[in-house]
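What follows is the residue order along each chain.
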Amino acid sequence: MKIIKLDAIDSTNSFLKELSKNASLENYTIVLAKNQTAGRGQQNSLWFSEPFKNLTFSLFLKGLSLEISNQKYLSLAISLAIYEVLKSKKIPKITIKWPNDIMSGNSKICGILIENSIQKKHITSSIIGIGLNVNQEYFDESTKKASSLKNITGIEYHLDDLLTEIIHKIKEFEKVMISKKFELLEKNYVNVLFKKGKPTMFRDVKKQLFVGVICGISASGNILIETEEGAIKEFGIKEISFV
Ligand code: BTN
């Protein structure tokens, strides 16, 4: 495992992507930024992280030989790995908010951005970007639903130790993926989904609010919601938001 520690960089995902274009990278090459100045989030959002207080890193994974039709399992495996590390640290009320935000109660504490390289229907390599809020104590208005491990438990965490634990757990889940135990992954993921089985308010693309109950995910990784009328509807990431 090779770790590249940078004092400052715009985005570890972007840096690792460029690096992978120009060099043949070892599996599990990690780029970690002490200060990430323009972190990227899902759906073109930005990821803010106070310098030196949190984990912002990207991991290069290859050799999974995952078909594109199974790509959701990578996202499930990575979120479950982080979920399990945080569970083992007794962080309360940990859930995974579809598709892969890690929550403690109603606060987001970790975001994941996975960028895959694809050739002939297979994922050849992936860049797994992880932003985990660890020791940051103050969050501004735009991130008011965010929190950190320290804010939740009062404990100051050692960043390097946490990173080691996360990578270790990802390696365990990599084995599950390689042995194609997809049903196990899905069962475990759905079990710990945020708001699963609870009537929840959503907003659809037409900005209509509706109440539904999360009941699982589809073959392609979309969310399945049972509406008040009893129909099960499928939504993609751009088609629905939690209110
Ligand atoms: C999200 O929830 O929107 C995903 C956030 C992912 C943030 C991490 S921080 C390290 C890596 N580098 C980036 O630019 N983004 C990811």
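For the structure, see preceding data.
Residues numbered from 1 in each chain as written. Predicted model: local features only at pLDDT ≥ 70, side-chain atom pairs only at ≥ 80, totals over all residues. Heavy atoms only, no water.

> Any details on the environment of Ile78? Residues and values, ideally.
Among the secondary structure elements, Ile78 is positioned in helix 2 (residues 72-88). Judged by relative accessible area, which is 1%, Ile78 ranks as buried. Taking C-alpha positions, Ile78 is 9.3 Å from Ile114, a pair spaced 36 residues apart along the chain. Not counting residues within four places of it along the chain, the set of residues in contact with Ile78 comprises Ile112, Ile114, Ile128, Ile130 and Ile170. (Helix = DSSP H or I, 4+ residues; strand = E, 2+ residues; numbered from the N terminus. Buried < 20%, exposed > 50% of the residue type's maximum accessible area, 1.4 Å probe, protein only. Contact = heavy atoms within 4.5 Å.)

> Mind laying out the pattern of salt bridges, listing which residues take part and the relevant values?
Summed over all chains, the structure comprises 13 salt bridges. As a salt-bridge pair, Asp160 and Lys5 come within 3.2 Å of each other at their nearest N and O atoms. On the criterion of sequence distance, the pair formed by Asp160 in helix 4 (residues 159-178) and Lys5 in strand 1 (residues 2-9) is long-range, its members being 155 residues apart. Where Lys108 meets Asp101, a salt bridge forms, and the shortest distance between an N and an O atom there is 3.0 Å. What makes Lys108 partly exposed here is its relative accessible area of 23%. On the basis of relative accessible area, Asp101 is assigned to the buried category, the value being 11%. (Salt bridge = Lys/Arg side-chain N within 4 Å of Asp/Glu carboxyl O.)

> Tell me about the site of the ligand, residues and numbers included.
Near the ligand lie 21 residues; those nearest to it are Ser11, Gln36, Arg40, Gln42 and Lys108. Ser11 is positioned such that a nitrogen or oxygen atom in its side chain is 2.7 Å from an oxygen atom of the ligand. The side chain of Thr12 places a nitrogen or oxygen atom 3.0 Å from a nitrogen atom of the ligand. Its free accessible area being 410 Å², the ligand has 98% of it covered by the protein chains. Elements supplying a minimum of two residues to the shell around the ligand: helix 1 (12-22), strand 3 (39-40), strand 5 (55-67), strand 8 (107-119) and strand 9 (122-132). Ranked by the residues each element gives to the shell around the ligand, the list is headed by strand 8, at 4 residues. In terms of residue class, the shell around the ligand is built from 5 nonpolar, 13 polar and 3 charged. (Near = heavy atom within 4 Å. Polar contact = N/O pair within 3.5 Å; in protein donor to acceptor, adjacent residues only side chain to side chain. Areas by Shrake-Rupley, 256 points an atom, 1.4 Å probe, with all protein chains shown as cover. Nonpolar A, V, L, I, M, F, W, Y, C, P; charged D, E, K, R; others polar.)

Geometric descriptors of this kind do not, in isolation, establish any biological role.
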